[in-house]
Amino acid sequence: MQALPDARELLARTFGAGGETWLVHAPGRVNLIGEHIDYHGLAVLPMAIGRRVRVAFHRRDDRTIRAASVGYGRREFAWTPDLAPAAAGDWENYLRAAARVASVLCGERDLRGVDAAVVSDLPAAAGLSSSSALLVAFTLALLRANGRRATFEELMEVLPEGEQFVGTRGGGMDHAASLASRAGCASLIEFEPLSVRPIPVPEDWGFLAAHSLETAEKSGGARHEYNLRRQAGATALARLGFASYRAAIAGRPEESAQSLDPGPERDSFLHVTSEAARVKQAVDAMVRQDAAGFGHLLLESHASLRDRLKVSSPALDRLVEAAMESGAAGARLTGAGFGGCAVVFCRKPDMPAVRRGLIERYYRARPRFDEERHLIEAVPGPGALCPEMA
Ligand code: GLA
């Protein structure tokens, strides 16, 4: 991958020296298990990774927001309370979403815009949450420029809503992981009520984020498919007369599912309820340092996403297979699916062999492969609100 410019340097080069320069970071995340269930209010187990979005900025005296990013170009708009979206798929929408979120938190005070440089080493549209990391980082920058320190809870009230401005009705997993993860830990995120419990990742467990080399554009066709899955799960729940998935899980979900007609609603219901159980078991396995058990749960999760929710792709299925043939202890698609990444789990001593095996079995035939971008060691890192990120 091309070397990244320093965010401060890019800021000075694009907008001049300006006043005091501030810097905020927000990491991407890899979801270990608990896929397509956060938007039903169920617990998930992601971890923040070392790759992140960095925003260097100067505060302005007016309400203008100017931002530059190497790959995506320069944008400028006035920060008004009634901001409308820019053209679909334009990165400015994330800046606008952040401005909307930040103005909710700042209230009607005199808002001050920023000149900002955005630098990221997170591959886009890969299931590693680069877009949420951008939303989180830019929101934190705008809050800081306006002297507003928001708590995790306050941010979580508004960030997932903000993302809907960009077009995806996602849940809160990505923002929570990017904000509140701890170094060396996975995050067990619960939503009702909101909480994050750090689960230490055993020292000799390693993870790779392996790109299928098919992109999952969240603002494109994948968005429609994502929203359909969410809808099917909600409709199934309503047909069965449960007030929430938690209520459904407290009963006998497999038996309840029998009264649904075969098809997407029943399949979604079975995916969601079984995935919630796997998250609990995976946390237990991590705490017990049971690598075989944890790996097995990842494979079961992938099978359910492939066969029931139908969000995998032939490339992702092949990637998971190639990981297992190369000595991984488990693997599954991570994020929304429809392309993007798989998370590959192995013991650290096995990682070099797993990496070599994946290159041999999966990537060798794909000339677009760039190891630095597409086969990333996912090391559990701190979230944006951790003191070490200040
Ligand atoms: C996307 C969303 C998340 C979550 C995953 C699927 O990444 O942003 O909130 O729903 O898909 O688990």
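Residues numbered from 1 in each chain as written. Predicted model: local features only at pLDDT ≥ 70, side-chain atom pairs only at ≥ 80, totals over all residues. Heavy atoms only, no water.

S.K.: Residues and numbers for the pairing of strand β4 (residues 73-78), please.
M.R.: Two strands pair when backbone bridges link them, and strand β3 (residues 64-69) and β4 are joined in this way by six bridges, in the antiparallel orientation. For Ser69, the partnering residue across the bridge sits in β4 and is Gly73. (Pairing = 2+ DSSP bridges. Helix = DSSP H or I, 4+ residues; strand = E, 2+ residues; numbered from the N terminus.)

S.K.: Describe unusual backbone geometry, listing the residues and the values that go with them.
M.R.: Put simply, Glu192 and Pro193 share a cis peptide bond, and its omega is 0°. If you check the backbone angles, His36 has positive phi at about 60° while not being a glycine. Structurally, His36 can be placed in the loop between β1 (22-33) and β2 (45-59). According to the relative accessible area criterion, His36 is buried, its value standing at 4%. Phi at Ser129 takes a positive value of approximately 70°, unusual for a residue other than glycine. Tracing the backbone through its elements, the reader meets Ser129 in the loop between β5 (114-120) and α3 (130-145). (Buried < 20%, exposed > 50% of the residue type's maximum accessible area, 1.4 Å probe, protein only.)

S.K.: Before we move on, can you summarise the site of the ligand with the specific residues and values?
M.R.: Inspection of the region around the ligand gives 13 residues, with Glu35, His36, Asp38, Asp174 and Tyr226 positioned closest. With respect to the ligand, the side chain of Asp38 contributes an N or O atom lying 2.6 Å from an oxygen atom. Gly171 has a polar backbone atom sitting 2.9 Å from an oxygen atom of the ligand. If the ligand stood free it would expose 310 Å²; the protein chains cover 97% of that surface. Each residue belonging to the shell around the ligand can be placed in one class, and the counts come to four nonpolar, four polar and five charged. When residues are assigned to domains, the shell around the ligand turns out to be shared by domain 1 (7-199) and domain 2 (205-377), each giving three or more. (Near = heavy atom within 4 Å. Polar contact = N/O pair within 3.5 Å; in protein donor to acceptor, adjacent residues only side chain to side chain. Areas by Shrake-Rupley, 256 points an atom, 1.4 Å probe, with all protein chains shown as cover. Nonpolar A, V, L, I, M, F, W, Y, C, P; charged D, E, K, R; others polar. Domains from an automatic or database assignment.)

S.K.: Kindly report on the packing of helix α9 (residues 264-288) against helix α10 (residues 291-307), identifying the contributing residues and their values.
M.R.: Contact pair α9 / α10: the axes reach a minimum separation of 9 Å and the direction vectors enclose 165°. The angle between α9 and α10 places the two elements in the roughly antiparallel class. For α9 against α10, the interelement crossing comes out left-handed. Contacts between α9 and α10 pair His271, Ser274, Glu275, Arg278, Gln281, Ala282, Ala285 and Met286 from the former with Gly293, Phe294, Leu297, Glu300, Ser301, Ser304 and Leu305 from the latter. Taken together, the residues of the contact of α9 with α10 break down into six nonpolar, six polar and three charged. (Axes fitted to C-alpha atoms, helices over the stretch in contact; angles between N-to-C directions. Parallel < 35°, antiparallel > 145°, perpendicular 65-115°, else oblique. Left-handed = near helix turned anticlockwise from the far one by under 90°. Contact = heavy atoms within 4.5 Å.)

S.K.: Hey, could you go over the domain arrangement of the chain for me, with residue numbers and the actual values?
M.R.: Split into domains, the chain comes out as domain 1 (7-199) and domain 2 (205-377). Between domain 1 and domain 2, the C-alpha centre-to-centre distance is 25 Å. Contact with domain 1, which involves 40 residues of that partner, is made by 46 residues of domain 2. Carbon and sulfur atoms supply 63% of the area that domain 1 and domain 2 bury against each other, a total of about 3,500 Å² over both sides. The largest per-residue losses of area from domain 1 upon contact with domain 2 belong to Ile33, Glu35 and His36, which jointly make up 19% of the total buried on that side. Taken together, the connections running from domain 1 to domain 2 amount to two salt bridges. Glu35 serves as the salt-bridge partner of Arg332, at 2.5 Å between the closest nitrogen and oxygen. Counting every contact that joins domain 1 to domain 2 gives 12 residue pairs in polar contact (both at pLDDT 80 or more). Elements supplying a minimum of two residues to the side of domain 1 that touches domain 2: β1, β2, α3, β6 (185-191) and β7 (194-200). The dominant element in the side of domain 1 that touches domain 2, judged by the number of residues it contributes, is β1, at five residues. Taken together, the residues of the side of domain 1 that touches domain 2 sort by class into 18 nonpolar, 12 polar and 10 charged. (Buried area = accessible area lost by both parts, 1.4 Å probe. Salt bridge = Lys/Arg side-chain N within 4 Å of Asp/Glu carboxyl O.)

S.K.: Before we move on, can you summarise the packing of aromatic side chains with the specific residues and values?
M.R.: We describe a pair of aromatic rings using the distance from one ring centre to the other and the angle between the two ring planes. For the structure on display, the rule yields 11 aromatic pairs. Geometrically, the ring pair formed by Phe207 and Phe294 is edge-to-face, given 6.3 Å between the ring centres and 75° between the ring planes. Here Phe207, found in strand β8 (residues 205-211), pairs with Phe294, found in helix α10; they are 87 residues apart in sequence, far enough to count as distant. Residue classification places Phe207 among the buried residues on the basis of a relative accessible area of 1%. Look at Phe207 and Phe345: their rings are 5.2 Å apart centre to centre, the planes differ by 25°, and that puts the pair in the stacked class. Here Phe207 is found in strand β8, whereas its partner Phe345 is found in strand β10 (residues 341-347), with 138 residues between them in sequence. Exposure remark for Phe345: the relative accessible area of 0% places this residue in the buried category. Here the basic side chain of Arg96 rests over the ring of Phe77, its NZ or CZ set 4.7 Å away from the ring centre. The ring centre of Tyr362 lies 3.7 Å from the NZ or CZ of Arg366, which sits over that ring. (Phe/Tyr/Trp six-rings, centres within 6.5 Å; stacked < 30°, edge-to-face > 60°. Lys NZ or Arg CZ within 6 Å of the ring centre and 35° of its normal.)

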